[in-house]
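Structural description and commentary
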Amino acid sequence: MNNNQIEIHDVSKKIKQALVLDNINLTFVAGQTYGLTGINGSGKTMILRAIAGLIKPSVGCVKIGDQVIKMGGVPEGIGAMIENPSFINEFTGAQNLELLSLLSKNHKLIKNEITNILDRVGLDPEDKRLFHKYSLGMKQR
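This one's a predicted model, so the numbers in the text were calculated from it and none came from an experiment.

Points about the side chain of Ser-101
Following the sequence through the fold, Ser-101 ends up in helix α2 (residues 93-101). According to the relative accessible area criterion, Ser-101 is buried, its value standing at 7%. Separated by 2.6 Å, the side chain of Ser-101 and the backbone oxygen of Glu-98 make a polar contact.

Description of a nonpolar patch on the surface
A cluster of nonpolar residues, Phe-87, Leu-100 and Leu-103, forms a patch on the protein surface that exposes about 310 Å² of accessible area. Structurally, the position occupied by Leu-100 is in helix α2. The exposure class assigned to Leu-100 is partly exposed, which follows from its relative accessible area of 43%.

Quick look at the nonpolar core
Among the nonpolar cores identified, the biggest contains twelve residues, and these are Ile-8, Val-11, Leu-21, Phe-28, Met-46, Ile-47, Ala-50, Ile-51, Ile-55, Val-62, Ile-64 and Ile-69. Where this core is concerned, the elements lending two or more residues are β1 (5-15), β2 (18-29), α1 (44-51) and β3 (59-64). Considering each element in turn, this core owes the most residues, four residues, to α1. Contact partners of Met-46, with chain neighbours within four places excluded, come to Ile-15, Val-20, Leu-21 and Ile-55. In terms of nonpolar packing, the next biggest core, distinct from the first, is built from seven residues, Leu-118, Phe-131, Tyr-134 and Met-138 among them.

Some thoughts on the packing of aromatic side chains
Taken as a whole and judged by the stated rule, the model has three aromatic pairs. For the pair Phe-87 and Phe-131, a centre-to-centre distance of 5.2 Å together with 65° between the ring planes defines the contact as edge-to-face. Of this pair, Phe-87 sits in the loop between β4 (67-68) and α2 while Phe-131 sits in the loop between α3 (107-120) and α4 (136-140), and the two are 44 residues apart along the sequence. Assessed through its relative accessible area of 30%, Phe-87 is described here as partly exposed. On the numbers, 5.7 Å between centres and 50° between planes, the contact of Phe-131 with Tyr-134 is tilted. Grouping residues by exposure puts Phe-131 and Tyr-134 together as buried. Three or more aromatic residues link up through ring pairs in this structure, and these residues are Phe-87, Phe-131 and Tyr-134.

Thresholds, definitions, all that
- As a convention, each chain's residues are numbered from 1 in the sequence order in which they are written.
- Reporting in this predicted model follows two pLDDT cut-offs: at least 70 for local features of residues, and 80 or more for side-chain atom pairs to be given and counted; totals over whole chains, interfaces and linings ignore these cut-offs and use all residues.
- Excluding hydrogens and water, the side-chain figures rest on all heavy atoms present in the structure.
- Runs of H or I in DSSP of at least four residues are treated as helices and runs of E of at least two as strands, each being numbered from the N terminus.
- Burial status follows relative accessibility: with a 1.4 Å probe on protein chains alone, a residue under 20% of its type maximum counts as buried, one over 50% as exposed, and anything between as partly exposed.
- Any pair of N or O atoms that falls within 3.5 Å is considered a polar contact. Within protein, one atom must be able to donate a hydrogen and the other to accept it, and sequence-neighbouring residues count only if both atoms are side-chain atoms.
- Here a patch means residues that are over 30% exposed by relative accessible area and free of salt bridges, tied together within 9 Å if like-charged and within 5 Å if nonpolar (Val, Leu, Ile, Met, Phe, Trp, Tyr).
- Areas reported as accessible are Shrake-Rupley estimates using a 1.4 Å probe. Residue values count occlusion only from the protein chains shown.
- The rule for a salt bridge is simple: a side-chain nitrogen of Lys or Arg has to be within 4 Å of a carboxyl oxygen of Asp or Glu.
- In plain words, nonpolar cores are sets of buried Ala, Val, Leu, Ile, Met, Phe, Trp, Tyr and Cys residues tied together by side-chain atoms within 4.5 Å.
- Residues are treated as being in contact if the distance between any of their heavy atoms lies within 4.5 Å.
- When the centres of two rings from Phe, Tyr and Trp lie within 6.5 Å, Trp using its six-membered ring, the rings pair. Their planes under 30 degrees apart give stacked, over 60 give edge-to-face, and anything left gives tilted.

Geometric descriptors of this kind do not, in isolation, establish any biological role.
What follows is the structure, encoded as structure tokens:
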């Protein structure tokens, strides 16, 4: 298996009595762009939640590289924003990213990367506006 791919093997998820994922098998290869399409309630968000370690499949497994994803245990360097962005409204974008960096073992090194990240997504690292003043597009970036 390629260490730069995500594999979903025979994943099913039941919530109460409803089967929300039924024997899903997918492989996502690094460097490729993918889109999940389907009607409302077809399981797109549940697949993303399983990849992010936010839910545990009832059956099957999700692997990133050689690591089987367990609920709450996503490999370092993996991030996901599913549905609406949630940050602290009274912090700037940079302050929110600094807070998130505390989750990393190398959070002091990451602080230097925050400026580059904000630049890369078209946000001004020196912007003093608080998050709640951002436009929806800015919040998503």
